[in-house]
Amino acid sequence: MEARTPRQSEAIVGDLMMPHQANGLRQPSVFGGVIMGMVDRCAALAAMRHSGGQVTTLSIDKILFKEPIRVGDLVEIRSRVVFVGTTSMAVVAHVYAENVSTATKRHTNECWLTFVHLDENGKPTPVPPLALETAEDRLLHDLALQRREQSLTEKR
Ligand SMILES: CC(C)(COP(=O)(O)OP(=O)(O)OC[C@H]1O[C@@H](n2cnc3c(N)ncnc32)[C@H](O)[C@@H]1OP(=O)(O)O)[C@@H](O)C(=O)NCCC(=O)NCCS
């Protein structure tokens, strides 16, 4: 299998936040589950791009909602594969919220996810190697490796 770079797996998903996506607060912001769903879809796309096949979500690590996203904001998710094991891939997703009227763009969330590449029978199957290009690629790769080791230690 030919190695692929994190850049080659990059996926972008965008959506304009509508009133039906708001929570029930007196000053409504967008419901967290809407953002989580977009993050999962965008990260799955990156994992599919890297693996060239079907994938399933193994884990969604901590997602921190640092500031509210408002109805009317344009939400953009950007994700890429930053680490691969044998059958699994770690993906980092970044969430941006843009007030299109003022052209103000905020980085509101970061999330780490793990996907497993599945064969036609739904069994884990190997993924292509990851070719690291930049210092940032190497940093994210090392962070993902630490997270994976921690998660596997907790599993035992
Ligand atoms: C994903 C799934 C197929 C993995 O099955 P499994 O029996 O754990 O398979 P394996 O033991 O071969 O592990 C597959 C990969 O996951 C990794 N993995 C499994 N548990 C892990 C954990 N707790 N932390 C980190 N990695 C883990 C393994 O290390 C392996 O990766 P590697 O090949 O790169 O080393 C299975 O757990 C599943 O079907 N889960 C449901 C997925 C789903 O429905 N997602 C949608 C959300 S509801």
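Structure: above.
Residues numbered from 1 in each chain as written. Predicted model: local features only at pLDDT ≥ 70, side-chain atom pairs only at ≥ 80, totals over all residues.

Further remarks concern the overall build of the chain. For the chain, the helix and strand inventory stands at two helices and five strands. Of the regular secondary structure in the chain, the N- to C-terminal order runs β-α-β-β-β-β-α. Overall, the chain is about 50 × 30 × 30 Å in size when its C-alpha atoms are taken along their principal axes. Relative to its full complement of 156 residues, the chain shows a buried share of 31%. At a minimum sequence separation of 6, the contacts of the chain that also span at least 24 residues come to 73%. (Helix = DSSP H or I, 4+ residues; strand = E, 2+ residues; numbered from the N terminus. Buried ≥ 20, exposed ≤ 12 C-beta atoms within 10 Å, placed from the backbone. Contact = placed C-beta atoms within 7 Å.)

Reading across from one edge, S1-S3-S4-S5-S2 is the order of the five strands in this open sheet, with antiparallel pairing throughout. A single partner strand is all that each edge strand has here, and the edge strands are strand S1 (11-16) and strand S2 (54-60). Direction aside, the axes of adjacent strands within the sheet are offset by 30° on average. Note that strand S3 (residues 74-84) and strand S4 (residues 88-99) share 10 bridges and pair antiparallel. What sits directly across from Arg78, in S4, is His94. Against the sheet, helix H1 (residues 32-51) makes contact with S1, S2, S3, S4 and strand S5 (104-118), and its axis sits at roughly 40° relative to S3, the strand it touches most. On top of the sheet, helix H2 (residues 135-155) reaches S3, S4 and S5; it is set at about 75° to S3, its chief contact. (Pairing = 2+ DSSP bridges. Axes fitted to C-alpha atoms, helices over the stretch in contact; angles between N-to-C directions.)

We now examine the site of the ligand. Residues in contact with the ligand amount to 14 residues; listed here are only the nearest, Gly85, Thr86, Thr87, Ser88 and Ser151. At four residues, H2 tops the list of elements feeding residues into the shell around the ligand. Of the residues belonging to the shell around the ligand, the class tally is four nonpolar, eight polar and two charged. (Near = placed C-beta within 6 Å. Nonpolar A, V, L, I, M, F, W, Y, C, P; charged D, E, K, R; others polar.)

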